[in-house]
Amino acid sequence: MAKAKLTLEELLHSAYRYAQALCAHAEMAEDLVHEGWLKALKNHGPTPDKALLFTIIRNLYIDDVRHKTRFPSDSFDEHAMADHHSSDPSHYASEDRILSQALEQLRSIEREVLFLWVFEGHTAAEIGTLTSQSRGTVLSLIHRAKGKLKVHLDQHEHQQLSLVKGNGKESS
Amino acid sequence: MNEQDQRVRDHYEKMSLPKERLEHLLNAEGLEADEKAPNGLLARLHSLSEHYRNMHSVYRNTALGMVATCFVVLALSSKIS
């Protein structure tokens, strides 16, 4: 029983990480997992499959994006909330703020593919099956996402170096 | 796996669902309550708020249309006179 509960816990944490990779917003990710979990339990029994849960969360996210595109005025408050949260580090489980910012700048599909590749360890073909894309598209998305991340992280490193140099000159 | 990939991996590794939400989802009673909610008051409130949101955009578009029509009528009437 304890082992089963631990597995369910792990499954929920994995689902949360995947939702974070999709939307890059802590509270929205929580809501996606909550809604997805209830849907999975209701329609597929008490021990839902990981792939199934990921698919449900993905579909919920796509529905949400479509709704926001159809009714853009509704998302006003949520944008304000996102801005507020992005300035508050306590809303992020990870302390790597620079990487968080870099990931936020990626498109959701790039973040998703990168997460499935780097964290979940899926192959490009498997990701293609999960996200209904060709293997080539997946590979190019991964390549582009990694490139964008590298540019952002290098830029930040360069800024830090120039700041340190500036401070050194001032002190001397 | 290069350094950047490892950093991304660590970033996601540190993420976890908040304890309160996790316990709520693992709690059978909580789940039952939530499962009942779609047919109950919460669901009706949700659909009502959705309805008002949609109506809000309809009213806004209608008002904008009326203002635009007024401008056109005023411009035409001033030209005719």
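For the structure, check the block above.
Residues numbered from 1 in each chain as written. Chains lettered and ligands numbered in written order. Predicted model: local features only at pLDDT ≥ 70, side-chain atom pairs only at ≥ 80, totals over all residues. Heavy atoms only, no water.

Visitor: Which residues make up the overall build of chain B, and what are the values?
Guide: Counting its regular elements, chain B contains four helices and zero strands. Reading chain B from its N terminus to its C terminus gives the helix and strand order α-α-α-α. Across the 81 residues in chain B, those meeting the buried criterion constitute 19%. (Helix = DSSP H or I, 4+ residues; strand = E, 2+ residues; numbered from the N terminus. Buried < 20%, exposed > 50% of the residue type's maximum accessible area, 1.4 Å probe, protein only.)

Visitor: Please give an account of the packing of aromatic side chains that cites residues and values.
Guide: Tallied over the full model, the rule gives five aromatic pairs over all chains. Ring plane angle 0 degrees and centroid distance 4.3 Å describe the contact between Y18 of chain A and F54 of chain A, whose orientation is recorded as stacked. Taken as a pair, Y18 of chain A in helix α1 (residues 2-23) and F54 of chain A in helix α3 (residues 50-70) lie far apart in primary sequence, 36 residues in all. Considered together, Y18 of chain A and F54 of chain A belong to a single accessibility category, that of buried residues. Between Y18 of chain A and F115 of chain A the ring centres are 6.1 Å apart and the planes differ by 40 degrees, which places this aromatic pair in the tilted class. Placement of Y18 of chain A in helix α1 and of F115 of chain A in helix α6 (residues 108-118) is noted, with a sequence separation of 97 residues between them. On the basis of relative accessible area, F115 of chain A is assigned to the buried category, the value being 0%. Three or more aromatic residues link up through ring pairs in this structure, and these residues are Y18, F54, F115 and F119 of chain A together with Y12 of chain B. When the ring centre of F119 of chain A is taken as reference, the NZ or CZ atom of R9 of chain B above it lies at 5.3 Å. (Phe/Tyr/Trp six-rings, centres within 6.5 Å; stacked < 30°, edge-to-face > 60°. Lys NZ or Arg CZ within 6 Å of the ring centre and 35° of its normal.)

Visitor: Which residues make up the environment of S77 of chain B, and what are the values?
Guide: Topologically, S77 of chain B is positioned in helix α4 (residues 41-80). Polar side-chain contacts of S77 of chain B include one of 2.9 Å to the backbone oxygen of L74 of chain B. (Polar contact = N/O pair within 3.5 Å; in protein donor to acceptor, adjacent residues only side chain to side chain.)

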